[in-house]
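One-letter residues, chain by chain:
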Amino acid sequence: MPVILHGSPFSTFTWSARLALAEKGVEYTIQGVDLRSDDYGKMHPWRRMPVLDHDGFRVFESAAVMRYVDEAFPGPALQPADPAGRARMTQWLSAFADNVAIPAVRGVLIPRYVLAPRGIPFDEAKVAVRAAEAHGSLRHFDATLSSSPYLAGAEPSLADWMLLPVMASGGGLTGADRYTDGLPALDAWMVRMTARPSFAATLPH
Ligand SMILES: N[C@@H](CCC(=O)N[C@@H](CS)C(=O)NCC(=O)O)C(=O)O
(Lines give C-alpha, C1' and ligand atoms only; values in the text may rest on other atoms or scores of the structure.)
Protein backbone atom coordinates (compact mmCIF):
# COMPACT_ATOMS: atom_id res chain seq x y z
CA MET A 1 0.00 0.00 0.00
CA PRO A 2 2.51 2.66 -1.08
CA VAL A 3 1.98 6.23 0.07
CA ILE A 4 3.51 8.94 -2.12
CA LEU A 5 3.42 12.61 -1.25
CA HIS A 6 3.97 14.77 -4.32
CA GLY A 7 5.49 18.06 -3.22
CA SER A 8 8.58 19.78 -1.92
CA PRO A 9 10.01 19.74 1.61
CA PHE A 10 10.28 23.54 1.25
CA SER A 11 6.54 24.00 0.69
CA THR A 12 4.68 24.88 3.89
CA PHE A 13 1.55 23.00 2.76
CA THR A 14 3.60 19.90 1.94
CA TRP A 15 5.20 20.25 5.37
CA SER A 16 1.77 20.24 7.07
CA ALA A 17 0.91 17.01 5.25
CA ARG A 18 4.27 15.54 6.30
CA LEU A 19 3.57 16.48 9.93
CA ALA A 20 0.28 14.57 9.81
CA LEU A 21 2.01 11.56 8.23
CA ALA A 22 4.76 11.67 10.87
CA GLU A 23 2.33 12.03 13.78
CA LYS A 24 0.40 9.06 12.44
CA GLY A 25 3.57 7.02 11.88
CA VAL A 26 2.80 6.43 8.19
CA GLU A 27 5.71 5.42 5.94
CA TYR A 28 5.76 7.43 2.72
CA THR A 29 8.01 8.68 0.00
CA ILE A 30 8.13 12.30 -1.05
CA GLN A 31 8.27 12.87 -4.78
CA GLY A 32 9.38 16.15 -6.33
CA VAL A 33 6.95 17.75 -8.78
CA ASP A 34 7.13 19.57 -12.07
CA LEU A 35 4.18 21.91 -11.61
CA ARG A 36 4.09 22.77 -15.33
CA SER A 37 4.02 19.22 -16.65
CA ASP A 38 0.92 17.72 -18.25
CA ASP A 39 1.08 14.82 -15.79
CA TYR A 40 0.98 17.15 -12.81
CA GLY A 41 -1.87 19.13 -14.36
CA LYS A 42 -3.87 15.88 -14.35
CA MET A 43 -3.12 15.38 -10.65
CA HIS A 44 -3.89 18.92 -9.47
CA PRO A 45 -6.07 21.29 -11.52
CA TRP A 46 -4.41 24.38 -9.96
CA ARG A 47 -0.91 22.82 -10.12
CA ARG A 48 -0.08 23.24 -6.44
CA MET A 49 1.54 21.09 -3.77
CA PRO A 50 0.88 18.71 -2.13
CA VAL A 51 -0.95 15.78 -3.70
CA LEU A 52 -1.18 12.52 -1.78
CA ASP A 53 -1.34 9.20 -3.60
CA HIS A 54 -2.31 6.21 -1.48
CA ASP A 55 -2.34 3.05 -3.48
CA GLY A 56 -3.76 4.88 -6.51
CA PHE A 57 -6.22 7.09 -4.59
CA ARG A 58 -5.20 10.71 -5.13
CA VAL A 59 -6.23 13.75 -3.11
CA PHE A 60 -5.09 17.38 -3.26
CA GLU A 61 -5.53 20.32 -0.82
CA SER A 62 -3.44 19.96 2.32
CA ALA A 63 -6.40 20.00 4.73
CA ALA A 64 -8.06 17.16 2.79
CA VAL A 65 -4.76 15.26 2.66
CA MET A 66 -4.29 15.60 6.43
CA ARG A 67 -7.85 14.53 7.16
CA TYR A 68 -7.48 11.51 4.88
CA VAL A 69 -4.20 10.54 6.56
CA ASP A 70 -5.84 10.71 9.97
CA GLU A 71 -8.88 8.69 8.97
CA ALA A 72 -7.31 6.11 6.63
CA PHE A 73 -4.47 4.96 8.86
CA PRO A 74 -4.24 3.55 12.36
CA GLY A 75 -2.44 5.52 15.05
CA PRO A 76 -3.16 8.45 17.35
CA ALA A 77 -6.20 10.58 16.47
CA LEU A 78 -5.24 13.92 14.95
CA GLN A 79 -8.77 15.36 15.20
CA PRO A 80 -11.01 15.90 18.25
CA ALA A 81 -13.69 13.24 18.68
CA ASP A 82 -16.47 15.57 19.85
CA PRO A 83 -18.54 17.76 17.50
CA ALA A 84 -17.56 21.01 19.23
CA GLY A 85 -13.85 20.18 19.04
CA ARG A 86 -14.16 19.18 15.36
CA ALA A 87 -16.02 22.38 14.57
CA ARG A 88 -13.35 24.42 16.35
CA MET A 89 -10.61 22.64 14.38
CA THR A 90 -12.42 23.21 11.07
CA GLN A 91 -13.01 26.84 12.01
CA TRP A 92 -9.27 27.44 12.46
CA LEU A 93 -8.34 25.46 9.34
CA SER A 94 -10.69 27.60 7.31
CA ALA A 95 -9.64 30.85 9.02
CA PHE A 96 -6.00 29.93 8.35
CA ALA A 97 -6.65 29.31 4.65
CA ASP A 98 -8.46 32.62 4.17
CA ASN A 99 -6.60 34.96 6.48
CA VAL A 100 -3.09 33.64 7.15
CA ALA A 101 -1.99 31.43 4.25
CA ILE A 102 -2.73 33.98 1.55
CA PRO A 103 -0.84 36.95 3.09
CA ALA A 104 1.91 34.91 4.80
CA VAL A 105 2.66 32.28 2.14
CA ARG A 106 1.77 34.03 -1.11
CA GLY A 107 2.46 37.55 0.18
CA VAL A 108 5.68 37.05 2.15
CA LEU A 109 7.30 33.60 2.04
CA ILE A 110 7.07 33.11 -1.74
CA PRO A 111 8.59 36.52 -2.60
CA ARG A 112 11.26 36.22 0.08
CA TYR A 113 12.26 32.56 -0.31
CA VAL A 114 11.32 31.72 -3.92
CA LEU A 115 11.43 34.93 -5.98
CA ALA A 116 14.34 36.74 -4.25
CA PRO A 117 16.90 33.89 -4.52
CA ARG A 118 16.08 33.61 -8.24
CA GLY A 119 16.46 37.33 -8.85
CA ILE A 120 12.77 37.66 -9.80
CA PRO A 121 11.63 41.22 -8.94
CA PHE A 122 8.73 41.85 -6.54
CA ASP A 123 7.23 44.79 -4.71
CA GLU A 124 8.92 45.18 -1.29
CA ALA A 125 6.22 47.54 -0.03
CA LYS A 126 3.52 44.97 -0.83
CA VAL A 127 5.44 42.31 1.13
CA ALA A 128 5.43 44.56 4.22
CA VAL A 129 1.68 45.15 3.81
CA ARG A 130 1.02 41.41 3.50
CA ALA A 131 3.22 40.70 6.56
CA ALA A 132 1.20 43.20 8.60
CA GLU A 133 -2.00 41.55 7.35
CA ALA A 134 -0.72 38.09 8.36
CA HIS A 135 0.31 39.43 11.76
CA GLY A 136 -3.14 40.98 12.28
CA SER A 137 -4.78 37.62 11.56
CA LEU A 138 -2.34 35.72 13.75
CA ARG A 139 -3.34 37.92 16.70
CA HIS A 140 -6.67 36.07 16.72
CA PHE A 141 -4.88 32.72 16.85
CA ASP A 142 -2.72 34.11 19.65
CA ALA A 143 -5.80 35.22 21.61
CA THR A 144 -7.27 31.71 21.46
CA LEU A 145 -3.98 30.14 22.49
CA SER A 146 -3.78 32.41 25.53
CA SER A 147 -6.58 30.37 27.10
CA SER A 148 -6.23 26.99 25.35
CA PRO A 149 -3.04 24.95 24.85
CA TYR A 150 -3.95 24.13 21.24
CA LEU A 151 -6.33 25.64 18.69
CA ALA A 152 -9.10 23.09 19.16
CA GLY A 153 -8.57 22.31 22.84
CA ALA A 154 -6.29 20.32 25.11
CA GLU A 155 -4.59 18.30 22.35
CA PRO A 156 -3.04 19.34 19.05
CA SER A 157 -5.19 18.81 15.96
CA LEU A 158 -4.88 19.28 12.20
CA ALA A 159 -5.37 23.03 12.69
CA ASP A 160 -2.15 23.21 14.74
CA TRP A 161 -0.19 21.16 12.21
CA MET A 162 -1.52 23.35 9.42
CA LEU A 163 -0.32 26.51 11.15
CA LEU A 164 3.06 25.24 12.39
CA PRO A 165 5.06 25.44 9.09
CA VAL A 166 3.96 29.03 8.48
CA MET A 167 5.05 30.03 11.99
CA ALA A 168 8.32 28.09 11.72
CA SER A 169 9.12 29.55 8.28
CA GLY A 170 8.21 33.06 9.44
CA GLY A 171 10.73 32.85 12.27
CA GLY A 172 13.60 33.25 9.80
CA LEU A 173 12.33 36.54 8.39
CA THR A 174 13.76 39.92 9.34
CA GLY A 175 12.54 43.51 9.59
CA ALA A 176 9.09 44.46 8.34
CA ASP A 177 8.57 40.92 6.99
CA ARG A 178 8.40 39.40 10.47
CA TYR A 179 4.77 38.50 11.03
CA THR A 180 5.54 36.28 14.05
CA ASP A 181 6.64 38.98 16.54
CA GLY A 182 4.61 40.15 19.54
CA LEU A 183 2.48 36.99 19.78
CA PRO A 184 3.36 35.52 23.21
CA ALA A 185 0.80 32.70 23.30
CA LEU A 186 1.89 31.59 19.83
CA ASP A 187 5.52 31.67 21.03
CA ALA A 188 4.64 29.34 23.92
CA TRP A 189 2.64 27.12 21.53
CA MET A 190 5.68 26.98 19.21
CA VAL A 191 7.79 25.61 22.06
CA ARG A 192 5.24 22.81 22.59
CA MET A 193 4.75 22.07 18.89
CA THR A 194 8.44 22.06 17.96
CA ALA A 195 9.29 19.74 20.88
CA ARG A 196 7.25 16.96 19.26
CA PRO A 197 9.32 14.37 17.33
CA SER A 198 7.23 15.04 14.20
CA PHE A 199 8.76 18.52 13.92
CA ALA A 200 12.38 17.33 13.90
CA ALA A 201 11.44 14.44 11.60
CA THR A 202 10.00 16.77 8.94
CA LEU A 203 12.20 19.87 9.26
CA PRO A 204 13.23 20.95 5.73
CA HIS A 205 17.02 20.82 5.32
N1 LIG B 1 -4.77 25.46 -0.71
C2 LIG B 1 -3.62 24.68 -1.13
C3 LIG B 1 -2.43 25.60 -1.28
C4 LIG B 1 -1.22 24.86 -1.81
C5 LIG B 1 -0.12 25.82 -2.25
O6 LIG B 1 -0.35 27.03 -2.50
N7 LIG B 1 1.09 25.26 -2.38
C8 LIG B 1 2.19 26.05 -2.87
C9 LIG B 1 3.50 25.64 -2.22
S10 LIG B 1 3.59 26.08 -0.51
C11 LIG B 1 2.35 25.82 -4.35
O12 LIG B 1 2.14 24.72 -4.84
N13 LIG B 1 2.74 26.85 -5.09
C14 LIG B 1 3.03 26.74 -6.47
C15 LIG B 1 2.28 27.75 -7.29
O16 LIG B 1 1.34 28.38 -6.76
O17 LIG B 1 2.64 27.88 -8.45
C18 LIG B 1 -3.36 23.56 -0.11
O19 LIG B 1 -3.70 23.75 1.06
O20 LIG B 1 -2.85 22.49 -0.51
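For every chain, the first residue of the written sequence is number 1, and numbering continues from 1 onward in sequence order. Side-chain atom pairs in this predicted model are given and counted only at pLDDT of 80 or more, local residue features only at pLDDT of at least 70, and totals for whole chains, interfaces and linings cover all residues. To obtain the side-chain values, all non-hydrogen atoms of the structure were included, while hydrogens and water were left out.

Chemist: So what's going on with the overall build of the protein? Which residues, and what values?
Modeler: A run of DSSP states H or I qualifies as a helix once it reaches four residues; a run of E qualifies as a strand once it reaches two. Both are numbered from the N-terminal end. Looking only at helices and strands, the protein features 8 helices and 4 strands. The N-to-C order of helical and strand elements in the protein reads β-α-β-α-β-β-α-α-α-α-α-α. A radius of gyration in this sense is built from C-alpha atoms; the matching globule rule multiplies 2.2 Å by the number of residues raised to 0.38. For the protein, the C-alpha radius of gyration of 17 Å lies close to 17 Å, the compact-globule estimate for 205 residues. Dimensions of the protein along its principal axes, counting C-alpha atoms only, are 45 × 45 × 25 Å. Each residue is placed in one exposure class: buried if its accessible area under a 1.4 Å probe, protein chains only, is under 20% of its type's maximum, exposed if it is over 50%, and partly exposed if it falls in between. Burial status across the protein gives 44% buried among its 205 residues.

Chemist: With reference to specific residues and values, describe the pairing of strand E1 (residues 3-6).
Modeler: For two strands to count as paired, DSSP must find a minimum of two bridges between them. Pairing of E1 with strand E3 (residues 51-54), which is carried by 4 bridges, proceeds in the antiparallel orientation. If you follow Leu5 over to E3, its bridge partner there is Leu52. Alignment of E1 against strand E2 (residues 29-31), held across 3 bridges, turns out to be parallel. The partner of Ile4 across the bridge, within E2, is Thr29.

Chemist: Any details on the site of the ligand? Residues and values, ideally.
Modeler: Around the ligand lies a shell formed by Ser11, Thr12, Phe13, Leu35, Arg48, Met49, Pro50, Glu61, Ser62 and Arg106. N or O atoms within 3.5 Å of each other form a polar contact, as long as, within protein, one can give a hydrogen and the other can take it, and as long as residues adjacent in sequence are counted only when both atoms are side-chain atoms. Note that a nitrogen atom of the ligand is positioned 2.8 Å from one of the side-chain N or O atoms of Glu61. Of the two site types, the cavity is a set of points on a 1 Å grid over the protein atoms alone where a 1.4 Å probe fits but cannot get out, and the pocket is an open set with protein on both sides within 12 Å along at least five of seven lines, each lined by residues with an atom within 4 Å of a point. The way we define it, a molecule is inside a pocket or cavity when more than half of its atoms are within 2 Å of that pocket's grid points. More than half of the atoms of the ligand fall within 2 Å of the grid points belonging to the largest pocket. When residues are grouped by polarity, Ala, Val, Leu, Ile, Met, Phe, Trp, Tyr, Cys and Pro land in nonpolar, Asp, Glu, Lys and Arg in charged, and all others, Gly among them, in polar. The residue makeup of the shell around the ligand, split by class, is 4 nonpolar, 3 polar and 3 charged. Whether a residue is near a molecule or strand depends on its heavy atoms: it is near if one of them lies within 4 Å of it.

Chemist: Outline the layout of surface pockets, supporting the account with residue identities and numerical values.
Modeler: Taken as a whole, the largest pocket encloses approximately 1,200 Å³ of empty space. As for the largest pocket, its lining consists of 36 residues, of which Ser11, Thr12, Phe13, Val105 and Ile110 are closest to the centre. Of all the secondary structure elements, the ones that give two or more residues to the lining of the largest pocket are helix H1 (12-24), helix H3 (62-72), helix H4 (83-115) and helix H6 (158-170). For the lining of the largest pocket, the residue count by class is 23 nonpolar, 8 polar and 5 charged. Grid points are joined across faces, edges and corners, and a volume is the space filled by probe spheres set on the points.

Chemist: Please give an account of the pattern of salt bridges that cites residues and values.
Modeler: The salt bridge criterion pairs a side-chain nitrogen of Lys or Arg with a carboxyl oxygen of Asp or Glu, the two atoms within 4 Å. Under the criterion given, the structure shown has 8 salt bridges. With a closest N to O distance of 2.6 Å, Asp70 and Lys24 form a salt bridge. In this pair, Asp70 sits in helix H3 while Lys24 sits in helix H1, placing the two residues 46 residues apart along the sequence. Take Lys24: its relative accessible area is 7%, and that puts it in the buried class.

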